[in-house]
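Listed here are the chains, written in short residue letters.
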Amino acid sequence: AMAEEQTGLEERIIIKDQHTKEIDLVNRDPKHINEDVIKVDFEDVIAEPAGTYSFDGVWKTSYTTFTVSKYWCYRLLSVVLGIPLAVIWGFLFALISFCHIWAVVPCIKSYVIEIQCVSRIYSLCIHTFCDPLCEALGKMFSSIKVALRKEI
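Computed from a predicted structure; not experimentally measured.

All right, on to the overall build of the protein then. In terms of regular secondary structure, the protein is built from three helices and zero strands. Among the 152 residues that make up the protein, the fraction classed as buried is 1%. Element-wise, carbon and sulfur atoms account for 68% of the exposed surface of the protein, whose accessible area totals about 14900 Å².

Given below as structure tokens:
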């Protein structure tokens, strides 16, 4: 009884942990889904070739302006649009999961069950009619010999 109670407690803890797990505030892309997507730095966008340099102050100010504006624009956009988009994406993936669980998989399972009957009948017809025909044609054409001669 004690073991069953412990197992039930572990199952409830596991179920609760799926919805209340801690999120990592340091590594926000643990599965690296944006590894090669949005890594745009100042040097990736703006570059001055040799011989066409602006003033050092302009270059430093441009770098700072680009970096700070990109950082704060991203933060403002994530504050304004992040939560509404999270709701929309959550709803969309819930809808996709619902459709997959309650419609797609049952349809596929039903199709597989229903097609087995047709598959057996088709297989029986092929083996009944095509196999003897192919064997007869094979025996007929196996006795043909081709010889090439060159006449001068």
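The full count for this structure, using the stated rule, is six aromatic pairs. Seen from their ring centres, Phe42 and Tyr63 are 5.4 Å apart, and the 90° between their planes marks the pair as edge-to-face. You can see Phe42 sitting in helix α2 (residues 42-45) and its partner Tyr63 sitting in helix α3 (residues 56-142), a full 21 residues away along the chain. A relative accessible area of 2% means that Phe42 is categorised as buried.

Moving on to the layout of surface pockets. Taken as a whole, the largest pocket holds about 970 Å³ of empty space. Lining the largest pocket are 19 residues, and of these Arg28, Asp29, Asn34, Ile38 and Tyr74 lie nearest its centre. Grouping the constituent residues of the lining of the largest pocket by class yields seven nonpolar, five polar and seven charged.

Time to look at unusual backbone geometry. With glycine set apart, most residues show a phi of negative sign, and most peptide bonds adopt trans. Unusually for a residue other than glycine, His32 sits at a positive phi of about 55°. You can see His32 is positioned in the loop between α1 (2-20) and α2. Judged by relative accessible area, which is 48%, His32 ranks as partly exposed.

Turning to the confidence of the model for the protein, a few remarks are in order. Across the protein, pLDDT averages 86, with 87% of residues at or above 70. Element-level mean pLDDT values for the protein span from 60 in α1 up to 94 in α3.

A few words on the UniProt feature "transmembrane region" (unreviewed entry) in the protein. Cross-referencing UniProt, the feature "transmembrane region" (unreviewed entry) maps to residues 76-103 in the present numbering. Secondary structure across residues 76-103 comprises 100% helix and 0% strand; the distance between its end C-alpha atoms is 39 Å.

To continue, consider α3. The terminal C-alpha atoms of α3, which comprises 87 residues, lie only 87 Å apart, well short of the 129 Å expected from a rise of 1.5 Å per residue. When the local axis directions of α3 are compared, the greatest deviation, roughly 50°, occurs at Leu81, which is followed within four positions by the proline Pro84.

Here the focus is the environment of Ser69. Tracing the sequence through the fold places Ser69 in helix α3. Polar contacts involving the side chain of Ser69 include one to the main-chain carbonyl oxygen of Thr65, which spans 2.7 Å.

So, how was this worked out
- Within every chain, residues take consecutive numbers counted from 1 along the sequence as written.
- With the structure being a predicted model, the display of local features is reserved for residues of pLDDT at least 70 and the display and counting of side-chain atom pairs for 80 or more, all residues being used for whole-chain, interface and lining totals.
- The side-chain numbers reported here are obtained from all heavy atoms of the structure, hydrogens and water having been left aside.
- Strands here are runs of E lasting at least two residues and helices are runs of H or I lasting at least four, both read from the DSSP assignment and numbered beginning at the N terminus.
- The rule is simple: take the accessible area with a 1.4 Å probe, protein chains only, and divide by the maximum for that residue type; under 20% is buried, over 50% is exposed, in between is partly exposed.
- Each accessible area value is a Shrake-Rupley result obtained with a 1.4 Å probe; residue values ignore everything except the protein chains displayed when judging cover.
- Pairs were defined over the aromatic rings of Phe, Tyr and Trp, the Trp ring being its six-membered one, requiring ring centres within 6.5 Å. Orientation was assigned from the angle between planes: stacked under 30 degrees, edge-to-face over 60, tilted for the rest.
- The definitions used throughout rest on a 1 Å grid laid over the protein atoms alone, on which a cavity is an enclosed set of points accommodating a 1.4 Å probe that cannot get out and a pocket is an open set flanked by protein within 12 Å on both sides along at least five of seven lines; lining residues are those having an atom within 4 Å of a point.
- Grid points are joined across faces, edges and corners, and a volume is the space filled by probe spheres set on the points.
- Note that Gly is not counted as nonpolar here; it falls among the polar residues with everything else outside the nonpolar set of Ala, Val, Leu, Ile, Met, Phe, Trp, Tyr, Cys and Pro and the charged set of Asp, Glu, Lys and Arg.
- A score from 0 to 100, pLDDT tells how confident the predictor is in each residue.
- UniProt positions are given in the numbering used here, feature names are shortened, and annotations may be inferred rather than shown by experiment.
- An expected span of 1.5 Å times one less than the residue number is assigned to each helix.
- Note on bend: the value at a residue is the angle between axes fitted to the seven residues ending there and to the seven starting there.
- Any pair of N or O atoms that falls within 3.5 Å is considered a polar contact. Within protein, one atom must be able to donate a hydrogen and the other to accept it, and sequence-neighbouring residues count only if both atoms are side-chain atoms.

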